[in-house]
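Chain and residue survey
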Amino acid sequence: MSKQSKNPETIALHGGDYRSDPATTAVAVPIYRTTSYQFNNTGHAANLFALKEFGNIYTRIMNPTNDVLEKRVAALENGLACVTVGSGQAASTFAIVNVCQAGDNFVSSTDLYGGTVNLFTHTLKKLGIEVRYADPSDPKNFEKAIDEKTRCFYAETLPNPALRVFPIKEVSDIGRKHNIPLIMDNTAAPIICKPLDHGAAVVVHSLTKFIGGHGTVIGGCLVDGGNFDWTADPKRQPLFNEPDMSYGGAKWGEVVPQLTGANVSFAVRARVCLLRDLGAPLSPDNAWGIIQGLETAPLRMQQHCSNATKVVDFLQKHKNVERVIYPTLHKGAIGDRTKKYFSGGNGALVGIEVKGGVEAGKKFIEALKMFYHVANIGDARSLAIHPATTTHSQLTPEELLAAGVTPGYVRLSIGIEHPDDIIADLKQALDASGKPSLKAVS
Ligand code: PLP
């Protein structure tokens, strides 16, 4: 019964087909700390390697602990299959190199995490893959950037710092017209937004954030929506339609549905080619750590979102706050998108411009007592950072502005502490940010 549940609270605890450990009947998911798996006989081994049978081969490619996490995240996202990897960065890298090879390009939203900008602009460029940036404020910008070598669209659901909810359906509709899949990084909005339901073909997550939720483990994953036809336009998706000589000439778009009965070519290729060749698996210990977080993630998301709403109300009234940035505060189409794509909350991320620019922003951060000053989001604890001098510091001034990072911007990731305590800490730090420093007084 729980397997069919559509409720995230139930899926997080019972999703996938794990009921108890087959060997011991242990209820909590065990950590399978093994590199390898005993084959029944040579025929069994050969079948596994030839993908004639599915089963465990080697932990770089799959592991039973990771498998439980993968099935639960796939179910939470309404996807068909999921592949875990060692970090959110690895997930973004795999997402692109699973569809693009040297000479290809992809179109990405300008509203991105700074680390993803570095990956796309510099590292992928060195591998011969070109990123073309499109401003998502007009979805048609994605169409304008396409040519015959464009293999996918990429965007974040709730990109910070601007917190402008991405036009998921608008851009995925454009992509589907051209047989181009939309890949969505849903790191900042698990549970409250389901991009696959709005036309995205693939979701990636940094599991490090809200899903892990405790700031203890780095991890990432790719979820295959099973809703994209990789064979509809063979020229558009050569990696799924041309023979793969690293796998006996397999055409992934054809062979995976034949073998599995499911449209999960993206996930299978990511697992058996990319994990095999590039490595970067999520360790079973870390998969277990993330499962501990996942089991309560739906409840934490409710508290994150409800606290953030109270914080936004408070900040809007404080005299030392120039501007508050939150998805629901955007007017027009962007505000409408928040209502269209989000349910059960509007996220934990809140941006503020502290009055007095960079100096006041720094003073504010240094005066915080309960908030941690860290380069992370989505921890159960409340967190703060000044992006222009940290997470986004490797971007050019133009890239900074395109990403919405102004000099005085402070990003808050609202935790699940009691809202009164969160607001009290913000209040005393904001009050301090407006006071002249001792140096100025003397
Ligand atoms: N995507 C987003 C939206 C992020 O915020 C981050 C990290 O901050 C990443 C991806 C990368 O994830 P990880 O730190 O797990 O590599």
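Residues numbered from 1 in each chain as written. Predicted model: local features only at pLDDT ≥ 70, side-chain atom pairs only at ≥ 80, totals over all residues. Heavy atoms only, no water.

**Structural notes on the overall build of the protein**
This is how it is decided: Numbered from the N terminus, helices here are DSSP runs of H or I no shorter than four residues, and strands are runs of E no shorter than two. Two things to know: the radius of gyration comes from C-alpha atoms, and the globule rule equals 2.2 Å times the number of residues to the power 0.38. Each residue gets one of three labels from its accessible area relative to the maximum for its type: buried under 20%, exposed over 50%, partly exposed in between, using a 1.4 Å probe on protein chains only. Here, two residues are considered to be in contact whenever any of their heavy atoms come within 4.5 Å of each other. Here the positive residues are Lys and Arg and the negative ones are Asp and Glu; neither His nor the chain ends is included. Taken as the charge location is NZ of Lys, CZ of Arg, CG of Asp or CD of Glu.
For the protein, the count of helices and strands is 17 helices and twelve strands. Over its C-alpha atoms the protein spans a radius of gyration of 22 Å, differing by no more than 12% from the 22 Å that the globule rule assigns to 442 residues. Principal-axis analysis of the C-alpha atoms gives the protein an extent of 80 × 55 × 35 Å. Every one of the 442 residues in the protein was classed for burial, and the buried ones make up 56%. A sequence separation of at least 24 residues applies to 73% of the contacts in the protein between residues at least 6 apart. The positive charge centre, built from 45 side chains, and the negative charge centre, built from 43, are 2 Å apart in the protein.

**Here's the deal with the domain arrangement of the protein**
Note the threshold: Delimitation of the domains relies on an automatic or database domain assignment. By convention, the term buried area covers the 1.4 Å-probe accessible surface removed from two parts as they join, with the contributions of both added. Basic side-chain nitrogens of Lys or Arg form a salt bridge, by our definition, when they fall within 4 Å of a carboxyl oxygen of Asp or Glu. Each residue is assigned to one class: nonpolar for Ala, Val, Leu, Ile, Met, Phe, Trp, Tyr, Cys and Pro, charged for Asp, Glu, Lys and Arg, and polar for all the others, Gly among them.
Partitioning the protein into domains gives domain 1 (8-293) and domain 2 (298-441). Measuring from the centre of the C-alpha atoms in domain 1 to the corresponding centre in domain 2 gives 30 Å. Counting residues at the interface gives 41 residues for domain 1 and 43 residues for domain 2. Buried surface at the junction of domain 1 and domain 2, both sides included, amounts to about 3,400 Å², of which 62% is carbon and sulfur. Together, Pro 161, Ile 192 and Phe 210 form the three largest contributors to the area buried by domain 1 at its contact with domain 2, with a combined 23%. One can count two salt bridges joining domain 1 with domain 2. Two residues, Lys 340 and Glu 170, come together in a salt bridge whose shortest N-O distance is 3.5 Å. Within the residue set of the side of domain 1 that touches domain 2, elements represented by two or more residues are helix 1 (8-14), helix 5 (114-126) and helix 7 (168-177). The element that contributes the greatest number of residues to the side of domain 1 that touches domain 2 is helix 5, accounting for four residues. In terms of residue class, the side of domain 1 that touches domain 2 is made up of 21 nonpolar, 14 polar and six charged.

**Notes on the sheet that holds strand 4 (residues 150-156)**
The cut-off we apply is this: In short, DSSP must find at least two bridges between two strands for them to pair. An axis is simply a line fitted to the C-alpha atoms; with a helix, the fit covers only the stretch in contact. Between two such axes, the angle follows the N-to-C directions and lies from 0 to 180 degrees.
Strand order across the open sheet formed by seven strands is 1-7-6-5-4-2-3, with mixed pairing between neighbours. Since the sheet does not close on itself, it has two edges, and those belong to strand 1 (81-85) and strand 3 (130-134), each with one partner. Between one strand axis and the next, the sheet turns through 20° on average, direction left out of account. By the bridge criterion, five bridges tie strand 1 to strand 7 (residues 220-224) in an arrangement that is antiparallel. Directly across from Thr 84, in strand 7, lies its bridge partner Cys 221. Strand contacts of helix 5: strand 2 (105-109), strand 3 and strand 4, with the helix running at about 140° to strand 3, the strand carrying the most contacts. Contacting strand 4 and strand 5 (182-185), helix 7 crosses the sheet at an angle of about 150° to strand 5.

**Side note on helix 5**
Just so we agree on the cut-off: In this scheme, a helix's expected span is set at 1.5 Å multiplied by one less than its residue total.
Its 13 residues place the ends of helix 5 18 Å apart at the C-alpha level, agreeing with the 18 Å of an ideal helix rising 1.5 Å per residue. What helix 5 keeps buried is the set Gly 114, Gly 115, Thr 116, Val 117, Asn 118, Leu 119, Phe 120, Thr 121 and Leu 124.

**Concerning the packing of aromatic side chains**
Each pair of aromatic rings is reported with the distance of its centres and the angle of its planes. Definition in use: Each aromatic pair joins two rings of Phe, Tyr and Trp (for Trp, the six-membered one) with centres within 6.5 Å, and gets the label stacked for planes under 30 degrees apart, edge-to-face for over 60, and tilted for any other angle.
Going through the model one piece at a time under the given rule, you end up with nine aromatic pairs. Ring centres of Phe 142 and Phe 153 lie 5.3 Å apart, and the angle between their planes is 70°; on these two criteria the pair is classed as edge-to-face. Of the two residues, Phe 142 is situated in helix 6 (residues 140-144) and Phe 153 in strand 4; the sequence distance between them amounts to eleven residues. Exposure remark for Phe 142: the relative accessible area of 0% places this residue in the buried category. Here the aromatic cluster, defined as three or more aromatic residues joined through ring pairs, consists of Phe 228, Trp 230, Phe 240 and Phe 266.

**Digging into helix 13 (residues 332-341)**
Quick reminder of the rule: Note: the arc covers the axis-to-C-beta directions of the helix.
Those residues of helix 13 that sit buried are Ile 334, Gly 335, Arg 337, Thr 338 and Tyr 341. Take helix 13 and look down its axis: the buried residues cluster within an arc of 150°, on one side only.

**Notes on the environment of Asn 47**
You can see Asn 47 is positioned in helix 2 (residues 42-49). Along the backbone, Asn 47 and Ser 108 are 61 residues apart, and their C-alpha atoms lie at a distance of 39 Å. With sequence-adjacent residues up to four places away left out, Asn 47 is seen in contact with Lys 52 and Glu 53.

**Looking at the packing of helix 3 (residues 64-76) against helix 11 (residues 284-294)**
Stated precisely, the cut-off is as follows: By the definition adopted for this analysis, an angle is roughly parallel if under 35 degrees, roughly antiparallel if over 145, roughly perpendicular if from 65 to 115, and oblique otherwise. By convention, the crossing between two helices is left-handed when the near helix turns anticlockwise from the far helix through less than a right angle, and right-handed when the turn is clockwise.
Direction vectors running N to C along helix 3 and helix 11 enclose 40°, while the axes themselves pass 8 Å from each other. Looking at the two axes, helix 3 sits oblique to helix 11. The two elements helix 3 and helix 11 meet at a crossing, and its hand is left-handed. Here Thr 65, Asn 66, Val 68, Leu 69, Arg 72, Val 73 and Leu 76 of helix 3 come into contact with helix 11, specifically with Pro 284, Ala 287, Trp 288, Ile 290, Ile 291 and Leu 294.

**Notes on the environment of Ile 183**
Checked against the element boundaries, Ile 183 lands in strand 5. Take Ile 183: its relative accessible area is 0%, and that puts it in the buried class. When neighbours within four sequence positions are excluded, Ile 183 is seen to be in contact with Ala 95, Cys 152, Phe 153, Tyr 154, Ala 155, Val 202 and Val 204.

**Considerations on the site of the ligand**
The line we're drawing: Nearness is judged by heavy atoms alone; a residue qualifies as near a molecule or strand once a single heavy atom is within 4 Å of it. Exposure was quantified through the Shrake-Rupley algorithm and a 1.4 Å probe, taking into account, for residues, occlusion by the shown protein chains and nothing else.
Taken together, 13 residues surround the ligand, and among them Gly 88, Asp 185, Ser 206, Thr 208 and Lys 209 come closest. Burial of the ligand by the surrounding chains reaches 90%, relative to a free accessible area of 390 Å². For the shell around the ligand, the residue count by class is three nonpolar, seven polar and three charged.

**Overview of the pattern of salt bridges**
Counted by the stated rule, this structure contains 17 salt bridges. The residue Arg 151 makes a salt bridge to Asp 104 at a minimum N-O spacing of 3.2 Å. In this pair, Arg 151 sits in strand 4 while Asp 104 sits in the loop between helix 4 (88-97) and strand 2, placing the two residues 47 residues apart along the sequence. Measuring nitrogen to oxygen at the nearest pair gives 2.9 Å for the salt bridge that ties Asp 111 to Arg 164. Separated by 53 residues along the polypeptide, Asp 111 in the loop between strand 2 and helix 5 and Arg 164 in the loop between strand 4 and helix 7 bring together distant segments of the chain. Note on Asp 111: relative accessible area 3%, which makes it buried. Assessed through its relative accessible area of 26%, Arg 164 is described here as partly exposed.

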